Protein chains: 6
Amino acid sequence: MEAMTENEGGRDKRGWERFREVNGEASEKIMQSLEAISPDLARYVLEFAYGKVYDRPGLDMRTREIVALSALVTMGSATPQLKSHIHGALNVGVTREEIMEIMIQMAAYAGFPAALNGITAARDVFEACDRMGES
Amino acid sequence: MEAMTENEGGRDKRGWERFREVNGEASEKIMQSLEAISPDLARYVLEFAYGKVYDRPGLDMRTREIVALSALVTMGSATPQLKSHIHGALNVGVTREEIMEIMIQMAAYAGFPAALNGITAARDVFEACDRMGES
Amino acid sequence: MEAMTENEGGRDKRGWERFREVNGEASEKIMQSLEAISPDLARYVLEFAYGKVYDRPGLDMRTREIVALSALVTMGSATPQLKSHIHGALNVGVTREEIMEIMIQMAAYAGFPAALNGITAARDVFEACDRMGES
Amino acid sequence: MEAMTENEGGRDKRGWERFREVNGEASEKIMQSLEAISPDLARYVLEFAYGKVYDRPGLDMRTREIVALSALVTMGSATPQLKSHIHGALNVGVTREEIMEIMIQMAAYAGFPAALNGITAARDVFEACDRMGES
Amino acid sequence: MEAMTENEGGRDKRGWERFREVNGEASEKIMQSLEAISPDLARYVLEFAYGKVYDRPGLDMRTREIVALSALVTMGSATPQLKSHIHGALNVGVTREEIMEIMIQMAAYAGFPAALNGITAARDVFEACDRMGES
Amino acid sequence: MEAMTENEGGRDKRGWERFREVNGEASEKIMQSLEAISPDLARYVLEFAYGKVYDRPGLDMRTREIVALSALVTMGSATPQLKSHIHGALNVGVTREEIMEIMIQMAAYAGFPAALNGITAARDVFEACDRMGES
């Protein structure tokens with residue numbers, strides 16, 4: 001596993017950079033919570049999902065979060081991750097209006113129930129941001 | 001139903017414009033084939049999916065096709081529509097490299113099998129385009 | 001969008017009729033709640049899902065709600081919509097016994113976990129109805 | 001296993017009756033093909049799916065096939081079973097028009113791609129029936 | 001239905017044995033709760049899922065629970081059943097470490113969101129066991 | 001990316017070892033075909049899926065392939081990967097009888113259609129092996 005970690009005894013450097021780009025101020029808290037549940041899966045999230053995939057130059061972070069939201073709304077069963085990536089999308093510059101558009105477009109692809117649950121998740125996140133004075 | 005159709009006896013005007021934007025030269029052939037199978041579903045595709053959803057100003061067509069690809073790869077079970085939207089994505093300016101990036105990102109969200117099937121579909125479409133001298 | 005709305009400044013007339021047929025006394029409350037979250041998706045629910053699809057003559061409302069329940073239990077990830085359509089099914093004359101039969105049949109098609117979750121949702125709705133003195 | 005089989009050395013009697021009701025003239029061929037692949041799963045199909053679930057009095061066979069079609073179109077990944085149950089639905093009196101209505105309704109619940117694949121499967125079955133002079 | 005029940009007026013004998021093997025001390029409580037919701041589905045769970053499938057000699061109970069966990073994490077939408085089978089897996093000798101490995105492997109097959117939800121469910125069950133002084 | 005590759009200019013060493021353990025004699029052919037489609041995804045399959053996940057000590061290769069089969073049958077939409085892992089399961093010592101048991105168990109978890117498609121895939125692979133004189 002050492003070969004993958006560029007950061008002795010710590011978090012994968014590139015992965016952690018990309019992770020913070022997406023998760024902003026909440027990064028440390030989210031990662032600590034994930035590390036508490038499963039240090040190994042936490043490491044793979046940084047090494048593979050963020051350190052390899054999100055670090056690739058072919059798509060900007062804005063587009064990657066649009067891709068993530070579309071996948072998560074289609075699945076329908078990953079509400080915590082969906083909400084987390086709605087925050088992430090806002091952090092990398094996707095607007096609230098664009099997030100709502102993605103959810104509405106899903107009505108045609110994944111059906112109205114998926115779209116409705118996506119919009120409800122988005123509203124929950126927007127209201128939480130408003131209470132916190134964010135975005 | 002009349003209220004929805006702006007084009008007497010014909011196809012929903014705005015939907016058909018958006019549909020041609022996505023499907024390009026293949027539009028007439030795809031739509032005729034769909035109308036032969038189900039005139040009513042064909043009409044809803046134009047009136048609702050393209051005439052309402054794709055006609056909305058909040059996301060450009062490039063982003064809408066990125067959203068569509070992400071949803072279809074996640075589903076895994078809609079290969080004909082996935083291939084059709086890979087063509088569509090190319091038509092509205094998504095590059096082959098970007099399409100491959102979306103598929104690779106799906107490995108982290110929907111798993112490697114979904115990503116592999118997405119990449120295989122993309123390769124099939126790219127080769128078909130090469131044979132036709134397109135994109 | 002005007003062409004679709006038959007009701008100046010208001011709700012799609014046919015869609016709203018069908019929506020009330022399914023959702024009964026709860027209709028105004030459900031629709032206002034949906035309009036508060038996303039006026040556009042709310043409009044599409046009335047214009048397309050109810051105004052077009054549910055307004056079609058080929059299946060009676062009872063059968064349409066049986067179809068809806070079967071789809072929602074199979075998805076497994078749309079519990080709020082499943083509960084809403086269990087209410088809807090009762091409103092258009094599907095009996096509690098028939099709803100339980102649909103859930104039990106799903107054990108063979110979508111597996112026991114989906115059937116169990118469907119039955120749990122049905123029980124929750126039946127108990128809520130009993131408390132309210134309905135159906 | 002004996003306790004379940006009412007038919008010594010043979011097929012579950014009630015299950016086989018219900019199976020023939022749904023699958024009509026093709027029953028013997030379908031069941032032999034299934035028995036050749038997996039005698040045990042074939043037995044469970046008759047004993048549980050048809051002998052228990054389909055034998056229950058709460059829903060008529062027509063409704064059970066409507067439920068089956070709705071579930072299978074929603075899944076999207078079970079095309080052979082979907083086609084088999086489109087035949088079955090026709091056998092128990094669901095009309096072609098009603099089958100098309102179910103597929104169209106799925107556009108609102110499971111999305112347009114699922115509905116399109118359902119309609120394509122239905123068209124394939126209808127054409128096969130026309131060639132055979134059935135339904 | 002009588003032919004299936006070996007236990008006059010009671011629970012399918014073999015199914016109930018297998019069910020207790022998986023569900024341990026919680027068996028009576030779980031089954032009573034299921035019987036209260038749907039006596040018929042409860043009976044099928046014992047007669048078919050446990051009395052037929054789990055009673056087959058081809059796989060030991062440990063492996064069957066590993067298969068069950070893999071399926072339930074992949075679905076993503078059956079959290080109550082997932083938690084119940086995490087308990088079951090522990091009861092038949094799958095270790096906490098093995099359960100975490102299954103969840104981590106799912107990151108590659110069903111994606112990181114499914115794996116994360118699986119790990120969260122496992123942690124919840126492990127903590128509940130710790131509070132109860134089990135496993 | 002270099003940090004991940006232990007094998008200069010070549011394939012991830014540990015991942016390639018695990019990959020060959022699962023895929024046997026077909027490994028070179030499968031990997032070359034994957035590298036031709038997407039060198040990057042091919043690298044991640046070796047580096048992450050096999051080099052990290054499958055290289056973990058917590059589960060033996062036999063169990064990992066049982067987990068993989070259960071996930072792939074549940075998905076229903078990844079037939080090429082399912083067939084590939086049926087070969088893989090045989091290669092690491094899962095017997096044909098055990099593979100059939102997994103498929104039959106899926107009838108209770110993911111429904112009969114998924115189980116039937118899994119069994120059909122298994123039969124196809126077994127017959128191909130028989131023709132090749134394998135397993």
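See the structure above.
Throughout this description, residue numbers start from 1 for each chain and increase along the sequence as written. Here the convention is simple: chains get letters from A, ligands get numbers from 1, in the order in which they are written. Per-residue local features of the predicted model are confined to residues with pLDDT of at least 70, and side-chain atom pairs are confined, for both listing and counting, to 80 or more; whole-chain, interface and lining totals are unaffected and use all residues. The side-chain values count all of the structure's non-hydrogen atoms but skip hydrogen atoms and water molecules.

I'd love a proper account of the relation of the copies chain F and chain B, names of residues and values included.
For these two chain copies, the linking operation is a rotation about an axis paired with a shift along it. Fitting of the copies onto one another was done by least squares over C-alpha atoms, counting residues only where both copies have pLDDT of at least 70. Once turned by 120° and shifted 0.0 Å along the axis, chain F lies on chain B with an RMSD of 0.0 Å. Such values leave the two copies arranged in the relation of a three-fold axis. No C-alpha of chain F lies nearer the rotation axis than that of F:S77, which sits 3.0 Å from it. Looking at the interface residues of chain F, only 7% of them are also at the interface in chain B, so each copy uses its own face. Residue contacts follow a heavy-atom distance rule, with two residues in contact if any of their heavy atoms lie within 4.5 Å.

Help me get a handle on the interface of chain B and chain A, residues and values and all.
Interface extent is often summarised as the accessible area lost during association of the parts. At the interface, 30 residues of chain B touch 30 residues of chain A. For any pair of parts, buried area is found by adding up, for both, the accessible area (1.4 Å probe) each one loses once the two are put together. Taken together, the two surfaces of chain B and chain A that pack against each other cover about 2,500 Å², and 71% of this comes from carbon and sulfur. Three residues, B:E101, B:Q105 and B:Y109, lead the burial of chain B against chain A; their summed loss comes to 26% of the area buried on that side. Whenever Lys or Arg places a side-chain nitrogen within 4 Å of a carboxyl oxygen from Asp or Glu, that contact is recorded as a salt bridge. Between the two partners, chain B and chain A, sit four salt bridges.

Lay out the pattern of salt bridges with the relevant residues and their values.
Close approach of charged atoms lets side chains of opposite charge pair. Per the stated rule, a full pass over the model turns up 78 salt bridges over all chains. We note a salt bridge from A:R18 to A:E21, for which the minimum N-O separation is 2.9 Å. One end of the pair is A:R18 and the other is A:E21, both in helix 1 (residues 13-23) and three residues apart, which spans about a single turn. Notably, a salt bridge pairs B:E101 with A:R64, separated by 2.7 Å at the nearest N-O pair. With B:E101 in helix 6 (residues 96-109) and A:R64 in helix 4 (residues 61-75), this pair bridges two chains. Note on accessibility: B:E101 and A:R64 belong to one class, buried. Among the charged side chains, a salt-bridge network with shared partners connects A:D40, A:R43, A:E47, E:E101, F:R56 and F:R64. Strands here mean DSSP runs of E at least two residues long; helices mean DSSP runs of H or I at least four residues long; both are numbered from the N terminus. Any residue under 20% of the maximum accessible area for its type is buried, any over 50% is exposed, and the rest in between are partly exposed; the area is computed with a 1.4 Å probe on protein chains only.

An account of the interface of chain F and chain B is needed here, citing residue identities and associated values.
If you look at the interface, chain F gives 15 residues, while chain B gives 14 residues. Considering only the surface of chain F that becomes buried against chain B, F:I37, F:L41 and F:Q81 emerge as the three largest contributors, covering 47% of it. Run the count over chain F and chain B and you get zero salt bridges. Counting of polar contacts relies on pairs of N or O atoms within 3.5 Å, with two restrictions inside protein: one atom must be capable of donating a hydrogen and the other of accepting it, and residues adjacent in sequence are counted only when both atoms are side-chain atoms. At the junction of chain F and chain B, the tally comes to two residue pairs in polar contact (both at pLDDT 80 or more). At the level of secondary structure, the elements contributing two or more residues to the side of chain F that touches chain B comprise helix 2 (27-37), helix 3 (39-53) and helix 5 (79-91) of chain F. Element by element, the count of residues in the side of chain F that touches chain B is highest for helix 3 of chain F, at six residues. Polarity classes work like this: nonpolar for Ala, Val, Leu, Ile, Met, Phe, Trp, Tyr, Cys and Pro, charged for Asp, Glu, Lys and Arg, and polar for all others, with Gly in that last group. Looking at side-chain class alone, the side of chain F that touches chain B contains eleven nonpolar, three polar and one charged residues.

Keep in mind that these numbers describe shape and distance, not what the molecule does.
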